[in-house]
2 protein chains.
Amino acid sequence: MKILEDGICSIKSIKVSGYREGKYGVMVIYHENSTAAAVYTKNKVYAAPIDVTRKHIADGNISAIIVNSGNANCYTKEQGIENANKMAKIAADYLDIKVEDVAVASTGVIGRQMPMDILEPIAIKSLESLDNNREVANNAADAILTTDTVRKECAVEGQLEDGTKFRVAGLCKGSGMIAPNMGTMLGFITTDLEVPRDQLEAMLRESVKRSFNMVVVDGDQSTNDTVILMSTNEVKGEVDDNFKEALDYVCQSLAKQIAKDGEGAKHFLEVECSGARSEDDAITVARSVVSSSLVKSAIFGADPNWGRIITAMGYSGVDFDPDEVSISLIAGENKATIVDCGVVMTYEDPAILENAEAIMKNKDIRINVSLNDGDSTAVAYGCDLTYDYVKINAEYTT
Amino acid sequence: MKILEDGICSIKSIKVSGYREGKYGVMVIYHENSTAAAVYTKNKVYAAPIDVTRKHIADGNISAIIVNSGNANCYTKEQGIENANKMAKIAADYLDIKVEDVAVASTGVIGRQMPMDILEPIAIKSLESLDNNREVANNAADAILTTDTVRKECAVEGQLEDGTKFRVAGLCKGSGMIAPNMGTMLGFITTDLEVPRDQLEAMLRESVKRSFNMVVVDGDQSTNDTVILMSTNEVKGEVDDNFKEALDYVCQSLAKQIAKDGEGAKHFLEVECSGARSEDDAITVARSVVSSSLVKSAIFGADPNWGRIITAMGYSGVDFDPDEVSISLIAGENKATIVDCGVVMTYEDPAILENAEAIMKNKDIRINVSLNDGDSTAVAYGCDLTYDYVKINAEYTT
């Protein structure tokens, strides 16, 4: 598998664009007669564009995706639906395609109507710049950012067992309100490989479960989350696990980029739970630890407070024997096993605690916990809880 | 119902004491042949004293409670059990009672053995000062504090329908790691009313469900939580709902004191969910809102960001119609109804948003949400998420 440098534009047949003015931006991805699948937030309160996109993507075919930042178009009733359809129509009219073939997504403030007078001219300016090169790839990735501090993209080239070469390229946004079941998180992934719609959807669900849904910044789940996977159907071949692997790689790379850009984050945190009886148990424990405010604060304070780790494991709801667990802190090649099959090693050897303290001073921290009770594993991605997280969210909006 | 001023010592027949040196403190409550019931953390990982107390309280009779702060005696294996029994024995020997009649509790750092050489002399000094007056009531309430900044106590006198006067008095500690199913939260409540053991336990469970279990500071659930209700059996009478009401009042007062003293808290937050189909639904929605990091940050920032409130309602998992809900912000007599049966009032009248902003500047904020779909109600207690919360938890231990 080869990493590609052109981001979303690594798929050469698509055209993309992005344009923003202040807090408002519009991104477009365009390729006629694409096959598409999508997954959405599980929040009971979901945004108007999700209604529209669900309808337009139902038949599995779209030709364009239009996305705005600055307003979530959520809790906006009939007018919100009208405005989401209006966004689709702006793209459809400009591209001379059917409005039903345009998917729509929004991110930003909840509970306010879309300022169409501001967004329409931005959308037109964006559409006018549709192209395929490094610059528009940047513009597209930038146009959908809100509290994000960095652009997020990933592209790879893979090869099927039958020798066929294919590409998968994606971009996303998200830094706050991130949680399992996705936060204010928008992801758009394209591939040139022809994949039957059902398979496309099944593979996307699987990949999202192991990537975007394993990211926790603050435990809040957004109303707007959408991940769309679209195929241009150019490359024909016998779809196999190599495509799945490439899709997983792109989704996990994007998910990690979101966690690393968590609001106010100073440290990136990976929590792996192994030795679980089932993958769901592993997922629940890993999420519980990565979500704990006390663990996140300890990471910020570079404090190897493993008591908070085992506490978070304990209230996850998963059944395990505390006297069988192992807990390690890892940074790069450096590993400190603090609890080994229920034995607290720091009692035996104080040097382990010193090493743990050294590990915690690193920017990227990995916590490995094992229930030593099965073969299932899961990894959750998160970040520390910092003054800046509070600052960002105390000052956002109004 | 009359509020009493002597805290835990409002029950005149009990003797209490508290003594602390630095981070370590020991509290004792003593009354021979008391009836007692207790509830404990639901965390899969629980502390050694919980094992010991469960055994000693099983027959419903205790004569004393001994509690230490500074070390949680959790994840400490056989030696932890030995040390918990040692604490019980120190009290039993001094008071010349059976060790099986002593309940034990601990709070503090997890995963370290109890420093018995430090705790034993503190326990003895505490026992030597057993008495019943305002001063020892203060010492007792102070001895169990950890990151708490204020002493927490409540005492009332009530009257049964048959005219019998009775008293309920309690004290507690807790400020961090507070969550539904209780955080590092210790509560000790005494009454002079004779209540059959089964009834005592049932009433305690009910009261805890509506008080301590509705407090959320950071969503973390501790390994040590214990609430013990003990009756001296002095006052005989026909136990009725007036006792239940007094017990609820004391538990809810203590619960609110914990939320107000949440680590780093600048605002006290009450979230009432009404109009729910069931009390469990109301509890789930109220907890979800009071737990949201984004809502908590908005409270800190005095930002009436109701989008985050409805988002937290939406991911609570409770089934409701977003277009039927009402959301109000309240401070004292001042109320701003932002969403009324699904209609966003701030669209209609900008003055409502201005009023909401004024309300958010108050120290105590109440959020009322109604699902307008039933008759059940629940109230959750919490606080804002502040820089100081992060600071306290980034710097605690090691």
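The present account deals with the structure reproduced in this document. (Residues numbered from 1 in each chain as written. Chains lettered and ligands numbered in written order. Predicted model: local features only at pLDDT ≥ 70, side-chain atom pairs only at ≥ 80, totals over all residues. Heavy atoms only, no water.)

A few words on the overall build of chain A. On a plain count of helices and strands, chain A comes out with 12 helices and 16 strands. Dimensions along the principal axes, computed over C-alpha positions, put chain A at roughly 70 × 55 × 35 Å. Surface summary for chain A: the accessible area is close to 13,500 Å², and the carbon and sulfur share equals 47%. (Helix = DSSP H or I, 4+ residues; strand = E, 2+ residues; numbered from the N terminus. Areas by Shrake-Rupley, 256 points an atom, 1.4 Å probe, with all protein chains shown as cover.)

This next bit is on the interface of chain B and chain A. In this assembly, 56 residues from chain B lie in contact with 56 residues from chain A. For the pair chain B and chain A, the two sides together bury roughly 4,600 Å², of which 58% comes from carbon and sulfur. By the criterion of area lost to chain A, the three top residues of chain B are Lys44(B), Tyr75(B) and Tyr387(B), representing 15% of everything that side buries. The interface formed by chain B and chain A includes four salt bridges. On the surface where chain B and chain A come into contact, there are 10 residue pairs in polar contact (both at pLDDT 80 or more). Listed by contribution, the elements that provide at least two residues to the side of chain B that touches chain A are α8 (293-300), α9 (306-314) and α12 (387-395) of chain B. Here the side of chain B that touches chain A is built from residues that sort into 24 nonpolar, 21 polar and 11 charged. (Contact = heavy atoms within 4.5 Å. Buried area = accessible area lost by both parts, 1.4 Å probe. Salt bridge = Lys/Arg side-chain N within 4 Å of Asp/Glu carboxyl O. Polar contact = N/O pair within 3.5 Å; in protein donor to acceptor, adjacent residues only side chain to side chain. Nonpolar A, V, L, I, M, F, W, Y, C, P; charged D, E, K, R; others polar.)

Residues and elements named next belong to chain B. It is the contact of helix α2 (residues 77-95) with helix α3 (residues 116-128), at a shortest axis distance of 10 Å, that shows an interaxial angle of 30°. Between α2 and α3, the angle falls in the class roughly parallel. Remark: the crossing between α2 and α3 carries right-handed chirality. Mapping the contact onto sequence places Asn83, Lys86, Met87, Ile90, Ala91, Tyr94 and Leu95 in α2 and Met116, Leu119, Glu120, Ala123, Ile124, Leu127 and Glu128 in α3. By residue class, the composition of the contact of α2 with α3 is 10 nonpolar, one polar and three charged. (Axes fitted to C-alpha atoms, helices over the stretch in contact; angles between N-to-C directions. Parallel < 35°, antiparallel > 145°, perpendicular 65-115°, else oblique. Left-handed = near helix turned anticlockwise from the far one by under 90°.)

With that out of the way, let us pick up the side chain of Thr35(B). Residue and element names in this part refer to chain B. One can find Thr35 in strand β3 (residues 24-40). On the accessibility criterion, Thr35 (13% relative accessible area) is buried. Polar contacts involving the side chain of Thr35 include one to the side chain of Asn233, which spans 2.9 Å. Sequence-distant contacts of Thr35, that is, excluding residues within four places in its chain, are made with Gly60, Val195, Arg197, Leu200, Leu229, Met230, Ser231 and Asn233. (Buried < 20%, exposed > 50% of the residue type's maximum accessible area, 1.4 Å probe, protein only.)

A separate point is the pattern of salt bridges. If the charged atoms of two oppositely charged side chains come close together, the side chains can form a pair. Residues and elements named next belong to chain A. Applying the stated criterion to the full structure yields 55 salt bridges over all chains. With a shortest N-O distance of 3.1 Å, Glu157 and Arg167 are connected by a salt bridge. With Glu157 in strand β6 (residues 152-159) and Arg167 in strand β7 (residues 165-173), this pair connects stretches of sequence that are 10 residues apart. Beyond isolated ion pairs, a larger network of salt bridges with shared partners links Glu206, Lys209, Arg210, Glu279 and Asp280.

Turning to the relation of the copies chain B and chain A, a few remarks are in order. Each copy of the chain is related to the other by a rotation around an axis and a translation along that axis. Overlay of chain B on chain A (RMSD 0.0 Å): rotation 180°, translation along the axis 0.0 Å. Within this description, the copies of the chain are treated as partners about a two-fold rotation axis. When C-alpha distances to the rotation axis are compared across chain B, the minimum falls at Tyr387(B), with a value of 2.5 Å. The fraction of interface residues of chain B whose copies in chain A are also interface residues reaches 100%, indicating that both copies meet through the same surface. (Least-squares fit on C-alpha atoms with pLDDT ≥ 70 in both.)

Let us look at the side chain of Ser231(B). Residue and element names in this part refer to chain B. Tracing the backbone through its elements, the reader meets Ser231 in strand β10 (residues 226-235). Given the relative accessible area of 0%, Ser231 is considered buried. Of note is the side chain of Ser231, whose polar atom sits 3.0 Å from the backbone nitrogen of Asn233. When near neighbours in sequence (up to four residues on either side) are disregarded, Ser231 contacts Ser34, Thr35, Thr191, Asp192, Leu193, Glu194, Val195 and Leu200.

Another point: a negative patch on the surface. Residues and elements named next belong to chain A. Negative charge collects at one region of the surface, where Glu161, Asp162, Glu238, Asp241 and Glu245 lie side by side. Inspection of the secondary structure assignment puts Glu245 in helix α6 (residues 241-260). Given the relative accessible area of 47%, Glu245 is considered partly exposed. (Patch = residues over 30% accessible without salt bridge, like charges linked within 9 Å, V, L, I, M, F, W, Y side chains within 5 Å. Lys, Arg positive; Asp, Glu negative; His and termini not counted. Charge placed at Lys NZ, Arg CZ, Asp CG, Glu CD.)

Consecutive residues of a regular strand have side chains that alternate between opposite faces of the sheet. Residue and element names in this part refer to chain A. Of all the 11 residues making up strand β4 (residues 61-71), 10 are buried; the element is thus mostly covered by neighbouring parts of the structure. Two elements, strand β3 (residues 24-40) and β4, share eight bridges in a ladder whose sense is antiparallel. In the strand pairing of β4, Val26 is matched with Asn68. (Pairing = 2+ DSSP bridges.)

Under the criterion given, the structure shown has zero disulfides over all chains. Cys251(A) supplies the cysteine sulfur nearest to Cys172(A), a cysteine that is in no disulfide, at a spacing of 9.3 Å. In this structure Cys172(A) comes out as buried when scored by relative accessible area, which is 0%. With no disulfide of its own, Cys273(B) lies closest to Cys341(B) among cysteine sulfurs, the gap being 14 Å. What makes Cys273(B) buried here is its relative accessible area of 0%. (Disulfide = S-S within 2.5 Å.)

A few words now on the sheet that holds strand β9 (residues 215-216) of chain A. Within a sheet, each strand pairs with its neighbour through backbone hydrogen bonds, oriented either parallel or antiparallel. Residues and elements named next belong to chain A. Spatially, the seven strands line up as an open sheet ordered β9-β16-β11-β15-β12-β13-β14, and their pairing is mixed. Each having just a single partner strand, β9 and β14 (343-344) make up the two edges of the open sheet. Pairing analysis gives five bridges linking strand β12 (residues 326-331) to strand β13 (residues 334-340), with the strands arranged antiparallel. What sits directly across from Ile327, in β13, is Val339. Running at roughly 20° to strand β16 (residues 376-383), helix α7 (residues 279-291) makes contact with β9, β11 (268-276), β15 (364-370) and β16 of the sheet. Sheet strands in contact with helix α9 (residues 306-314) are β12, β13, β14 and β15, and its direction is about 125° off that of β12.

A few words on the sheet that holds strand β14 (residues 343-344) of chain B. Residues and elements named next belong to chain B. With respect to topology, seven strands assemble into an open sheet ordered β9-β16-β11-β15-β12-β13-β14, the strand pairing being mixed. The open sheet terminates on both sides in strands that have one partner only, identified here as β9 (215-216) and β14. Relative to strand β15 (residues 364-370), strand β11 (residues 268-276) runs parallel, the two being bridged by seven bridges. Among the inter-strand pairings, Glu270 is bridged to a residue of β15, identified as Arg366. Where helix α7 (residues 279-291) meets the sheet, its contacts fall on β9, β11, β15 and β16 (376-383), and the angle it forms with β16 comes to roughly 20°.

Moving on, we come to the packing of aromatic side chains. One pair of aromatic rings is described through two measures. These are the centre distance and the angle between the planes. This structure, assessed with the given rule, holds six aromatic pairs over all chains. Lying across the ring of Phe268(B), Lys260(B) places its NZ or CZ 5.0 Å from the centre. (Phe/Tyr/Trp six-rings, centres within 6.5 Å; stacked < 30°, edge-to-face > 60°. Lys NZ or Arg CZ within 6 Å of the ring centre and 35° of its normal.)

Another aspect to go through is the environment of Ala282(A). Assignment of secondary structure puts Ala282(A) in helix α7. With sequence-adjacent residues up to four places away left out, Ala282(A) is seen in contact with Cys273(A), Ala276(A), Ser376(A), Thr377(A) and Ala378(A).

What follows concerns helix α11 (residues 350-360) of chain A. Residue and element names in this part refer to chain A. The complete set of buried residues in α11 reads Ile352, Ala356, Ile359 and Met360. All buried residues of α11 project into a common sector of 95° when viewed along the axis, lining one side. Along α11, exposed side chains directed more than 90 degrees from the buried face belong to Pro350 and Glu354. Capping the start of α11, Asp349 holds a side-chain oxygen 2.8 Å from the backbone nitrogen of Ala351, two or three residues further along. (Arc of directions from axis to C-beta.)

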